[in-house]
Amino acid sequence: MPCAPSPDRPARGPAALALLLLLVLACDQGGGVVITDGDRRSARSHFDEYCSTCHGEGGKGDGPAGIGLKPRPRNWTDREWQESVSDRRIRDVIREGGVPAGLSAEMKPNVEFAEEPGVIAALAEIVRGFRR
Ligand code: HEC
């Protein structure tokens, strides 16, 4: 339980409450994972160098290596899709690749981040950020 307040330091006063709230929010975003600035930097450069070649810089599935794929990567600006998919599923596909989720094998697992859930969660944040 990395996100639970430690039992020997009970929350006291408004400051502690605010801290607790912040922690809960941070946890909620990444599904129990706290995302650090370093995680966000790694995710951003990985996205720009790798993911965007298929998914496109604007997340529309129109990167140079994505445009000819069948099926093509989907358009992440599509609000209906964004609402239909859970954070959990987005993270799972990024970590394990498309095949276990019944998607294209062109979507490869990102094994280099298998032990870095913060980077996976930060990549999922980027995917969410394309929602219009
Ligand atoms: C070689 C091209 C390619 C690269 C590189 C790539 N993807 Fe994908 N990605 C795909 C394809 C193709 C699909 C699945 C489309 C389908 O089956 O509907 C997909 C699916 C996904 C999905 C699931 C979306 C859905 O429809 O549920 C996510 C999330 C995703 N990719 C994130 C990423 C991230 C993050 C990276 C970089 C770490 C990345 N992809 C790199 C081609 C790629």
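Draft legend 1. Quick peek at the packing of helix α4 (residues 87-96) against helix α5 (residues 117-129). Running from N to C, α4 and α5 point in directions that differ by 115°, and their axes come no closer than 9 Å. Crossing handedness for the pair α4 and α5: right-handed. Judged by residue contacts, Asp87, Ile90, Arg91, Ile94 and Arg95 of α4 engage Ile120, Ala121, Leu123, Ala124 and Val127 from α5. Residue composition of the contact of α4 with α5, by class: seven nonpolar, no polar and three charged.

Draft legend 2. Main features of the nonpolar core. If you look at the biggest cluster of nonpolar residues, it comprises 17 residues, and the most contacted ones within it are Ile120, Ala122, Leu123 and Ala124. Among the elements of the structure, α4 and α5 are those that each provide at least two residues to this core. The element that contributes the greatest number of residues to this core is α5, accounting for eight residues. Beyond its immediate stretch of four places on either side in the chain, Ile120 contacts Arg91, Ile94, Arg95 and Phe113.

Draft legend 3. Inspection of the site of the ligand at higher detail. Surveying the vicinity of the ligand reveals 24 residues, the closest of which are Cys51, Cys54, Leu103, Ser104 and Met107. Of all elements in the fold, only α2 (37-55), α4 and α5 reach the threshold of two or more residues within the shell around the ligand. It is α2 that provides the largest number of residues to the shell around the ligand, a total of six residues. Tallied by class, residues from the shell around the ligand come to 15 nonpolar, seven polar and two charged.

Definitions and cut-offs
- Residues numbered from 1 in each chain as written.
- Predicted model: local features only at pLDDT ≥ 70, side-chain atom pairs only at ≥ 80, totals over all residues.
- Axes fitted to C-alpha atoms, helices over the stretch in contact; angles between N-to-C directions.
- Helix = DSSP H or I, 4+ residues; strand = E, 2+ residues; numbered from the N terminus.
- Left-handed = near helix turned anticlockwise from the far one by under 90°.
- Contact = placed C-beta atoms within 7 Å.
- Nonpolar A, V, L, I, M, F, W, Y, C, P; charged D, E, K, R; others polar.
- Core = buried A, V, L, I, M, F, W, Y, C linked by C-beta atoms within 7 Å.
- Buried ≥ 20, exposed ≤ 12 C-beta atoms within 10 Å, placed from the backbone.
- Near = placed C-beta within 6 Å.

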